[in-house]
Amino acid sequence: MADNNLEVKENEKVISPVVIKRLPRYYRYLGDLLKNGVVRISSKELSQKMSVTASQIRQDLNNFGGFGQQGYGYNVEYLYNEIGKILGLDHTNNIIIMGAGNLGQALANNQDFDSNGFKIIGLFDVNPRLIGITVRGVEVYDIDMLEDFLKNHEVMIAALTLPGTKATKVAKDLVDMGIKAFWNFAPVDLNLPEDITVENVHLAESIMTLSYRIHTKK
């Protein structure tokens, strides 16, 4: 199973996962700058906005070619687009959601996905009361239709919003059907082949971490 601790290679160069984690943040800040009409920005100015040192910003971006010009800084639109390409946002990434309960529907209702190159094209569930409804225009299908659906649609990413007891089997079935990446909200660690990418979002663990940080400040 591929996880977040593994290093990423860019043109055979090993990129730290910590750097990869910062790229979406750069992308978000640059997007805000674009909306505000900012044409160029220096690493120092960007560091002040992001609370990351200018040196760290330059080091991070140099992993992918640098993009800056001495005495000019960074062209905001160009850097925004280049980071988007690195993140794979320059083409549409279709997603299916396994589990159409509250969390699954909340994900489907998130309009930020569309603007960032992601498109949710189907939700799947076993609950007959949910099958056939639509969430922001996306239909909830019977899970029995999953295999045929995947044969007719190009999908690489599945979001798992299922109980932990069901997530492992569903994930393995999806791998057999060709899914290559999982956005895992289920409270379970997935044991999948090495070539499968998993991004875990364990909400309970996150709130426990927050609780620790609150109480250790007392």
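Structure shown above.
Conventions and cut-offs
- Residues numbered from 1 in each chain as written.
- Predicted model: local features only at pLDDT ≥ 70, side-chain atom pairs only at ≥ 80, totals over all residues.
- Heavy atoms only, no water.
- Pairing = 2+ DSSP bridges.
- Helix = DSSP H or I, 4+ residues; strand = E, 2+ residues; numbered from the N terminus.
- Contact = heavy atoms within 4.5 Å.
- Axes fitted to C-alpha atoms, helices over the stretch in contact; angles between N-to-C directions.
- Buried < 20%, exposed > 50% of the residue type's maximum accessible area, 1.4 Å probe, protein only.
- Polar contact = N/O pair within 3.5 Å; in protein donor to acceptor, adjacent residues only side chain to side chain.
- Parallel < 35°, antiparallel > 145°, perpendicular 65-115°, else oblique.
- Nonpolar A, V, L, I, M, F, W, Y, C, P; charged D, E, K, R; others polar.
- Lys, Arg positive; Asp, Glu negative; His and termini not counted.
- Salt bridge = Lys/Arg side-chain N within 4 Å of Asp/Glu carboxyl O.
- Right-handed = clockwise from strand over helix to strand, strands pointing away.
- 1 Å grid on protein atoms, 1.4 Å probe; cavity = no way out; pocket = protein on both sides within 12 Å on 5 of 7 lines; lining within 4 Å.
- Points joined across faces, edges and corners; volume = space filled by probe spheres on them.

**Structural notes on the sheet that holds strand β6 (residues 118–125)**
Then, in step 1: Taking strand neighbours across the sheet as the criterion, the seven strands line up as β7-β8-β6-β5-β9-β10-β11 in an open arrangement whose pairing is mixed. Across the chains shown, the open sheet's two edge strands, defined by having one partner strand only, are β7 (134–135) and β11 (197–200).
Then, in step 2: Packed onto the sheet, helix α8 (residues 164–176) meets β5 (93–98), β9 (157–160) and β10 (181–184) and runs at close to 170° relative to β9.

**So, helix α4 (residues 76–86)**
Then, in step 1: Considered for burial, the residues of α4 that qualify are Val76, Leu79, Tyr80, Glu82, Ile83 and Gly84.
Then, in step 2: Buried residues along α4 sit against α1 (17–35), β3 (40–41), α3 (54–62) and β4 (74–75).
Then, in step 3: Two or three places before Glu77, at the start of α4, stands the capping residue Asn75, its side-chain oxygen 3.2 Å from that residue's backbone nitrogen.
Then, in step 4: The positive-phi residue at the C-terminal boundary of α4 is Gly88, with phi of around 75°.

**Notes on the packing of α1 against α3**
Then, in step 1: Taken N-terminus to C-terminus, the directions of α1 and α3 make an angle of 105°; their axes are 11 Å apart at the nearest point. With respect to their mutual orientation, α1 and α3 come out roughly perpendicular. Counted together, Val19, Arg22 and Tyr26 of α1 and Gln56, Ile57 and Asp60 of α3 form the full contact between these two elements.
Then, in step 2: The residue inventory of the contact of α1 with α3, partitioned by class, reads three nonpolar, one polar and two charged.

**Considerations on the environment of Leu123**
Then, in step 1: Within the fold, Leu123 resides in strand β6.
Then, in step 2: A relative accessible area of 0% places Leu123 in the buried class.
Then, in step 3: Linking Leu123 and Gly101, residues 22 residues apart in sequence, is a C-alpha distance of 9.7 Å.
Then, in step 4: If sequence neighbours within four positions are ignored, Leu123 has contacts with Ile97, Ala100, Gly104, Gln105, Ala108, Val138, Glu139, Val140 and Tyr141.

**Some details on the side chain of Asp125**
Then, in step 1: Within the secondary structure layout, Asp125 lies in strand β6.
Then, in step 2: No salt bridge is formed by the buried Asp125; the nearest opposite charge belongs to Lys166, separated by 6.8 Å.
Then, in step 3: A distance of 2.7 Å separates a polar side-chain atom of Asp125 from the backbone nitrogen of Ala100.
Then, in step 4: Once you skip the residues sitting within four places of it in the chain, Asp125 turns out to touch Gly99, Ala100, Gly101, Leu130, Ile131, Val140, Tyr141, Asp142 and Ile143.

**Examining the pairing of β10**
Then, in step 1: Two strands pair when backbone bridges link them, and β9 and β10 are joined in this way by four bridges, in the parallel orientation. Looking at the pairing, Ala159 lines up with Trp183 of β10.
Then, in step 2: Taken together, β9, α8 and β10 constitute a β-α-β crossover, and its handedness is right-handed.
Then, in step 3: As judged from the four bridges shared by β10 and β11, these two strands associate in the parallel manner.

**Considerations on the layout of surface pockets**
Then, in step 1: Of the voids in this model, the second largest pocket is the one considered here, and its volume is about 320 Å³.
Then, in step 2: If you go around the second largest pocket, you meet 20 residues; those closest to its centre are Val126, Ile143, Leu162, Lys166 and Val170.
Then, in step 3: Listed by contribution, the elements that provide at least two residues to the lining of the second largest pocket are α5 (102–108), β6 and α8.
Then, in step 4: Per-element accounting of the lining of the second largest pocket gives the leading share, five residues, to α8.
Then, in step 5: Of the residues assigned to the lining of the second largest pocket, the class counts are twelve nonpolar, four polar and four charged.

Worth remembering: the numbers are spatial, not functional.
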